[in-house]
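Tertiary structure, described
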Amino acid sequence: MSDKEKSVDPATNEIMNLACKGEIETVFDRYEEMEPECGFGQLGVCCKNCVMGPCRIDPFGDGPTTGICGATANTIAARNLVRMVAAGAAAHSDHGRDVAHTLLIASEGKTKGYEIKGEEKLLNLAKEMNVKTDKRKIEEIAHDVAEKCFAEFGQQHGELQFTHRAPKKRQEIWKKFKFTPRGIDREIVEIMHRTNIGVDNDYVNILQQGIRAALGDGWGGSMIATDLQDVLFGMPKPIRAVSNLGVLKADEVNIVVHGHEPTLSDIMVTASQDKELLELAKQKGAKGINLAGICCTANEILMRHGIPIAGNFLQQELAVITGAVDLMLVDVQCVMPALSKLAGCYHTKVVSTSPKAKFPNVEHVEFSEEEALPIAKKIVRMAVENYPKRKKELVNIPKDKMELVAGFTAEYVYHMLGGKYRATYRPLNDAVISGRLRGAVGIVGCNNPKIKHDWAHLELTKALLKKDVLVVTTGCSALASAKAGLLIPEAAKKYAGKGLQEICEAVGCPPVLHMGACVDISRILMVLCNVLSEGGLGEDISDLPVAAAAPEWMSEKAVSIGFYAVASGIYTVLGIPFPILGGKEITDFITDKMENVVGAKFGFEPDPIKAADLIVKHLDAKRKALKLKPVMYGE
Ligand code: SF4
Ligand code: MSK
């Protein structure tokens with residue numbers, strides 16, 4: 001492939017050049033080879049929901065204007081889009097279900113290696129869910145909380161428990177338009193029913209169900225995942241760590257965990273510190289065992305244990321190309337099938353672990369929560385035994401690595417700002433009210449080879465910091481910020497406007513707050529609820545000077561996230577438009593009219609600087625509506 005730089009990250013470019021020289025194929029090459037991508041797919045006007053088709057609508061009006069069944073471009077685009085919501089919500093929610101399962105069997109003493117580390121969070125959840133706590137063992141309480149969470153998935157009527165955390169006004173909007181999710185699984189199934197041939201043909205009505213299922217993700221499946229992970233693995237607290245491919249070590253056994261569910265990665269932390277295995281590593285000539293992470297499972301063990309980050313989504317193949325990874329262990333989500341062939345060029349062992357995610361020609365070691373620690377130790381042993389096979393001449397570890405602070409939560413913000421004696425959000429609200437802070441923006445989501453790796457995340461983040469906007473971040477965007485040095489307190493001086501700088505200096509926090517993995521966007525929702533409860537900034541999330549952005553998204557999970565963000569009242573700007581532009585009316589609805597329903601809409605803007613302008617304009621309009629003072633340090 002051409003060696004035109006694919007990333008703003010030097011470590012990524014260094015390994016990409018190596019890949020070019022060695023004619024090793026990566027995602028960037030496969031993207032180039034795929035171009036031009038299918039225009040019908042990009043516009044969302046192809047349908048294969050029945051075998052009278054596949055059908056495609058001619059966007060220029062020269063060919064068919066409906067499918068064989070008569071479905072219009074708007075109907076087809078809406079059906080395709082909400083099917084993406086269904087897949088995304090299913091992924092997050094199934095993750096949440098797995099965590100509930102782990103908590104349940106851990107509470108019954110049936111697991112090896114787990115314990116309940118977040119007692120305070122468990123007790124708060126028990127109170128919220130009407131689970132009795134008096135004179136009961138912590139395991140009994142955990143058992144009942146897990147069962148109650150399980151029930152949320154299969155519930156057939158009523159309202160999901162955590163939707164009651166939303167401000168009253170928001171709940172009323174959801175009720176009025178029948179958006180309130182009844183049960184997590186039910187809403188996903190209903191999408192699949194409604195998008196079957198000849199069922200729901202009104203694009204607005206189709207979107208209504210998309211919203212309901214997405215809310216079941218954000219205020220259901222994802223929120224359950226976050227909360228129960230805090231119960232099982234402990235509440236994250238700000239922690240220092242290091243990121244980028246430079247965290248791999250030439251003289252240690254390198255194990256990279258990749259995927260999403262911390263049930264596996266968290267126990268790997270324990271296993272990699274096992275004395276016997278460390279001794280074995282020494283016998284094999286290694287100085288130690290180095291655990292590092294890719295994608296969201298990395299975020300999970302980063303924020304709870306300070307485990308280093310090897311990279312984000314587009315760096316998964318590059319980690320293997322360093323030649324220094326002895327074992328890459330994967331669970332679910334965002335794992336490229338290409339890893340299997342690539343690993344064959346090196347000594348790297350790729351090991352799949354989830355019965356839900358197997359790969360041809362990849363060794364599978366099935367993970368079970370019941371046998372978690374012994375299985376994790378077995379995998380570490382495989383890595384150690386593979387270390388002597390490392391081909392020294394193929395090892396190229398970039399020097400680049402960067403310090404970071406990760407692990408901010410909605411709960412921690414109380415202490416960060418309020419101090420030891422008075423936990424409160426007041427200083428945060430006051431900073432916004434006084435105009436020292438313009439507002440806050442969540443920048444989240446993936447990488448996508450359509451956009452220079454990490455570039456849009458960083459340009460957008462820096463442009464907003466300059467305008468005194470506090471940035472909170474999760475997922476691969478958080479990892480992009482980490483590698484660029486935006487997650488350290490010192491970044492405030494370099495990148496933030498004067499008002500944000502003053503706050504960061506007073507509190508000692510970075511201007512970009514790492515809030516975890518993709519499921520932890522639920523933490524951002526809780527921050528907004530807490531801000532509203534503190535008072536002085538309106539009554540609903542849509543009143544707040546806040547916004548969200550996913551500048552480099554690629555996954556269906558991002559579609560679900562976008563929908564629950566907007567349906568919660570948060571203006572959301574996407575760097576790549578939804579594949580719906582072939583349906584003029586649905587595009588118009590999503591980017592404009594939707595605001596009349598939920599108080600927020602989507603923006604599509606590939607240029608991060610223009611996206612920042614749109615967002616700042618939005619924040620200023622919200623400030624004006626709240627009659628807040630002008631921002632303290634001007635434009
Ligand atoms: Fe074509 Fe309609 Fe069948 Fe879709 S559902 S493939 S538009 S006939
Ligand atoms: S891992 S969903 S590439 S953010 Fe959550 Fe990154 Fe997107 Fe996967």
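A word on the overall build of the chain
When you go through the chain residue by residue, the secondary structure sums to 25 helices and 16 strands. A globule of 635 residues ought to have a C-alpha radius of gyration of about 26 Å, and the chain, at 24 Å, matches this closely. With the principal axes as the frame, the chain shows a C-alpha extent of 65 × 65 × 50 Å. Taking as baseline every contact in the chain between residues at least 6 positions apart, the subset at least 24 positions apart corresponds to 75%.

Focus: the sheet that holds strand β16 (residues 602-604)
Strand order in the open sheet made by the six strands is β13-β12-β11-β14-β15-β16, with parallel pairing throughout. Looking at strand neighbours, the two that pair on one side only are β13 (512-514) and β16, the edges of this open sheet. Averaged over all pairs of adjacent strands, the angle between strand axes in this sheet comes to 25°, irrespective of strand direction. Note that strand β12 (residues 469-473) and β13 share three bridges and pair parallel.

Re the site of ligand 1
Close to ligand 1 lie C47, N49, C50, M52, G53, C55, G67, I68, C69, I76, R79 and I197. At a threshold of 2 Å from the grid points, most atoms of ligand 1 map onto the largest cavity. Per-domain counts for the shell around ligand 1 show at least three residues from each of domain 1 (10-55) and domain 2 (73-233).

Quick notes on helix α7 (residues 168-176)
All buried positions along α7 are accounted for by R170, Q171 and W174. The buried residues of α7 all sit within an arc of 100° when viewed along its axis, so they share a single face. In this structure, α7 carries K168 and K176 as exposed residues pointing more than 90 degrees from its buried face. Buried-residue contacts for α7 involve α9 (203-233), α23 (556-567) and α24 (584-598). Two residues or fewer after α7 comes K178, characterised by a positive phi angle close to 55°.

Description of the state of the cysteines
Among covalent bonds in proteins, the disulfide is the one between the sulfur atoms of two cysteines. As enumerated under the stated definition, the model contains zero disulfides in all. With no disulfide of its own, C345 has C20 as its nearest cysteine by sulfur position, at a separation of 14 Å.

What about the pattern of salt bridges?
Applying the stated rule across the entire model yields 44 salt bridges. Where E25 meets R30, a salt bridge forms, and the shortest distance between an N and an O atom there is 3.0 Å. A relative accessible area of 37% means that E25 is categorised as partly exposed. The partner of K121 in a salt bridge is D227, with the nearest N and O atoms 3.3 Å apart. Of this pair, K121 sits in helix α5 (residues 119-128) while D227 sits in helix α9, and the two are 106 residues apart along the sequence. Judged by its relative accessible area of 10%, K121 is buried. For D227, a relative accessible area of 5% puts it in the buried group. One network of salt bridges, with partners in common, ties together K121, E128, R165, D227, D230, E300, R304, E411, D520 and R523.

What about the nonpolar core?
Within the largest apolar cluster, 175 residues are counted, with the highest numbers of intra-cluster contacts made by V145, M268, L464, F563, F578, I590 and I615. Among the elements that make up this core, the one with the highest residue count is α9 (14 residues). Apart from the residues within four sequence positions on either side, F563 is in contact with L81, V85, L207, I211, A214, F578, I590, M594 and F602. Within the second largest apolar cluster, 37 residues are counted, among which are A319, V320, I321 and V350.

Overview of empty space enclosed by the protein
Tallied over the full model, the rule gives four cavities of 30 Å³ or more. Volume-wise, the largest cavity comes out at about 100 Å³. Taken together, 14 residues line the largest cavity, and the ones lying closest to its centre are C47, C50, C55, C69 and R79. Residue composition of the lining of the largest cavity, grouped by class: nine nonpolar, three polar and two charged. Two domains each donate at least three residues to the lining of the largest cavity, and these are domain 1 (10-55) and domain 2 (73-233).

Here we look at the site of ligand 2
By nearness alone, every residue bordering ligand 2 is listed as H260, C295, C296, F313, C334, G445, C446, C476, C518, M554, S555 and K557. Considering only residue class, the shell around ligand 2 consists of eight nonpolar, three polar and one charged. Shared between two domains, the shell around ligand 2 holds at least three residues of each, these being domain 3 (245-394) and domain 4 (407-625).

What to know about the side chain of T102
When you line up the elements, T102 lands in helix α4 (residues 73-107). A polar contact is formed between the side chain of T102 and the backbone oxygen of D98, at a distance of 2.8 Å. Excluding anything up to four places from it in sequence, T102 contacts T111, Y114, L232, T263 and E369.

Remarks on the domain arrangement of the chain
Taken domain by domain, the chain holds domain 1 (10-55), domain 2 (73-233), domain 3 (245-394) and domain 4 (407-625). A straight line from the C-alpha centre of domain 2 to that of domain 3 covers 30 Å. With 17 residues of domain 2 at the interface, the matching set in domain 3 holds 18 residues. Of the roughly 1,500 Å² buried at the junction of domain 2 and domain 3 (both faces included), carbon and sulfur atoms supply 49%.

Quick look at the packing of α4 against α23
With their axes 7 Å apart at the nearest point, α4 and α23 run at an angle of 95° to one another. Of the possible angle classes, the one that applies to α4 and α23 is roughly perpendicular. Along its contact with α4, which presents L81, M84, V85, A87, G88, A89, A91 and H92, the element α23 presents E556, K557, V559, S560, I561 and F563. Considered class by class, the residues forming the contact of α4 with α23 number nine nonpolar, three polar and two charged.

Description of the pairing of strand β7 (residues 327-330)
Taken residue by residue, a regular strand's side chains alternate between the two faces of the sheet. The alternating pattern of β7 places L327 and L329 on one face and M328 and V330 on the opposite face, and all of these are buried. Summarising the sheet, strand β4 (residues 253-258) and β7 pair through four bridges and their orientation is parallel. Along β7, the bridge assignment pairs V257 with L329. Relative to strand β8 (residues 349-352), β7 runs parallel, the two sharing four bridges. Within β8, the position partnered with L327 by the bridge is K349.

Some words on unusual backbone geometry
Note that the residue after E35, namely P36, is joined by a cis bond; omega there is -5°. Structurally, P36 is set in the loop between α2 (27-34) and α3 (39-43). Looking along the chain, the bond that leaves G53 and enters P54 is cis, with omega of 10°. By the secondary structure assignment, P54 is in the loop between β1 (46-47) and β2 (55-56). For E23, which is not a glycine, the phi torsion comes out positive at approximately 50°. Taking relative accessible area as the criterion, E23 reaches 71% and is therefore assigned exposed. Positive phi, close to 60°, is recorded for K627, a residue that is not glycine. Mapped onto the fold, K627 is located in the segment after α25 (608-625).

So, how was this worked out
- Residues numbered from 1 in each chain as written.
- Chains lettered and ligands numbered in written order.
- Predicted model: local features only at pLDDT ≥ 70, side-chain atom pairs only at ≥ 80, totals over all residues.
- Heavy atoms only, no water.
- Helix = DSSP H or I, 4+ residues; strand = E, 2+ residues; numbered from the N terminus.
- Rg over C-alpha atoms; globule rule 2.2 N^0.38 Å.
- Contact = heavy atoms within 4.5 Å.
- Pairing = 2+ DSSP bridges.
- Axes fitted to C-alpha atoms, helices over the stretch in contact; angles between N-to-C directions.
- Near = heavy atom within 4 Å.
- 1 Å grid on protein atoms, 1.4 Å probe; cavity = no way out; pocket = protein on both sides within 12 Å on 5 of 7 lines; lining within 4 Å.
- Sits in = over half its atoms within 2 Å of the grid points.
- Domains from an automatic or database assignment.
- Buried < 20%, exposed > 50% of the residue type's maximum accessible area, 1.4 Å probe, protein only.
- Arc of directions from axis to C-beta.
- Disulfide = S-S within 2.5 Å.
- Salt bridge = Lys/Arg side-chain N within 4 Å of Asp/Glu carboxyl O.
- Core = buried A, V, L, I, M, F, W, Y, C linked by side-chain atoms within 4.5 Å.
- Points joined across faces, edges and corners; volume = space filled by probe spheres on them.
- Nonpolar A, V, L, I, M, F, W, Y, C, P; charged D, E, K, R; others polar.
- Polar contact = N/O pair within 3.5 Å; in protein donor to acceptor, adjacent residues only side chain to side chain.
- Buried area = accessible area lost by both parts, 1.4 Å probe.
- Parallel < 35°, antiparallel > 145°, perpendicular 65-115°, else oblique.

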